[in-house]
Amino acid sequence: MSSETGRGLLSRLFSKPVPEPDDLPWYVAPLPKWLEDFGLRIAWLIVLINLAGTAFGFYYYLFQFSLEPVVMWPLVPDSPVATLFIALALGAWLLGRQNDYLSALAFFGCLKLGAWTPFVLGTFMTEFGYLHWAMYNFLFWSHLAMVVEGFLLHRITNFPVKAVAVAAGWYLLNDIVDYFIPIVGNAHHTLLPPAVEPIVNGVVQHASPGHEIAAAGAVTLTVLATFLALATRVKKLEA
């Protein structure tokens, strides 16, 4: 590839026109316009960062994979799957193949897992004391950044009802197997600190009240994501 061809390719990749925002209320579009514009202009960088985060996330879950039935592995690594969804959603848009289903899944994943992890880290801060301070802060702030990413997506999708239904169904299934009816084996939610839910003979003990606290946060965020996605659609139609 010649240098001119390479520059032309890079120019096309990084000069994607940024769609103008609809006039939406603050609760479905809380980011300032300049930040939305900036995020969409560096969307390829965000894609790469999230792909790297996905790889790290699967590595982070290796120990939990060893405790889980293989058939349930697709439902175990919650945050890495969410970062993969946002990478695929933005990547598809950048390549001119915007996909509403990917965008809805990414919105739900970024909002739910991006907020659930800091919620758990804050609630059980003392119990997470075994984490190095750098890792604790990395997990906390990187997951909050996922929430910010999620609120870019209203610029590239109208959240069709079918797409929202698929995303809500996927994350409702996650809630069911994570906290209520594991189907195979034990409950499959992300491991909490051993002081909250100890592991005995390779089996996680889903003890109260830690299990219920984590479940309440997850279910609340699934409901919130569903409301915000549908509210965004309604407000876009009104606009």
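Residues numbered from 1 in each chain as written. Predicted model: local features only at pLDDT ≥ 70, side-chain atom pairs only at ≥ 80, totals over all residues. Heavy atoms only, no water.

Novice: Hey, could you run me through the nonpolar core in this one?
Specialist: Grouped together as the largest cluster of nonpolar side chains are 43 residues, with contacts concentrated most on Leu90, Phe107, Phe108 and Leu153. For this core, the secondary-structure elements that each account for two or more residues are α3 (43-60), α5 (78-94), α6 (100-123), α7 (133-150), α8 (161-180) and α9 (210-238). At 9 residues, the largest contribution of residues to this core is made by α5. Counting residues in hydrophobic clusters, the runner-up holds 16 residues, among them Trp116, Phe124, Leu139 and Tyr179. (Core = buried A, V, L, I, M, F, W, Y, C linked by side-chain atoms within 4.5 Å. Buried < 20%, exposed > 50% of the residue type's maximum accessible area, 1.4 Å probe, protein only. Helix = DSSP H or I, 4+ residues; strand = E, 2+ residues; numbered from the N terminus.)

Novice: Looking at this model, I keep getting lost on helix α2 (residues 33-41). Mind explaining?
Specialist: Note on helix geometry: an α-helix contains 3.6 residues per turn, so any two residues three or four positions apart are oriented the same way. Turning to α2, its buried residues are Glu36, Asp37, Gly39 and Leu40. The arc enclosing the buried residues of α2, seen along the axis, measures out at 165 degrees, which places them on a common side. Those residues of α2 that are exposed and angled more than 90 degrees off the buried face are Trp34 and Arg41. On the buried face of α2, the contacting elements are α3 and α5. (Arc of directions from axis to C-beta. Contact = heavy atoms within 4.5 Å.)

Novice: For this particular structure, what's the right way to read the pattern of salt bridges?
Specialist: Pairs can form between side chains of opposite charge once their charged atoms are near each other. According to the stated counting rule, one finds 6 salt bridges in the structure shown. Here Asp175 and Lys112 are joined by a salt bridge, their closest N and O atoms 2.3 Å apart. Remark: Lys112 occurs in helix α6 and Asp175 occurs in helix α8; sequence separation between them is 63 residues. The burial state of Asp175 is the same as that of Lys112; both residues are buried. Between Lys235 and Glu238 there is a salt bridge whose closest N-O contact spans 3.3 Å. Here Lys235 and its partner Glu238 are both found in helix α9, 3 residues apart, which amounts to about one turn of the helix. (Salt bridge = Lys/Arg side-chain N within 4 Å of Asp/Glu carboxyl O.)

Novice: Explanation requested: the side chain of Asp178 in the structure shown.
Specialist: Mapping Asp178 onto the fold places it in helix α8. No salt bridge is formed by the buried Asp178, whose closest oppositely charged neighbour, Lys112, lies at an N-O distance of 5.9 Å. For Asp178, the side chain forms a polar contact with the main-chain nitrogen of His189, separated by 3.5 Å. With residues near it in sequence (within four places) discarded, Asp178 still touches Leu75, Asp78, Ala187, His188, His189 and His211. (Lys, Arg positive; Asp, Glu negative; His and termini not counted. Polar contact = N/O pair within 3.5 Å; in protein donor to acceptor, adjacent residues only side chain to side chain.)

Novice: Just to check I follow, could you spell out unusual backbone geometry for this structure?
Specialist: The phi angle of most residues is negative, glycine excepted, and most peptide bonds adopt the trans form. The peptide bond linking Ser208 to Pro209 adopts the cis configuration, its omega dihedral lying at 0 degrees. Looking at where Pro209 falls in the secondary structure, it is placed in the loop between β2 (203-204) and α9. Phi at Phe159 takes a positive value of approximately 50 degrees, unusual for a residue other than glycine. What makes Phe159 buried here is its relative accessible area of 1%. One non-glycine residue, Ile183, adopts positive backbone phi at about 70 degrees. For Ile183, the location among the structural elements is in the loop between α8 and β1 (199-200).

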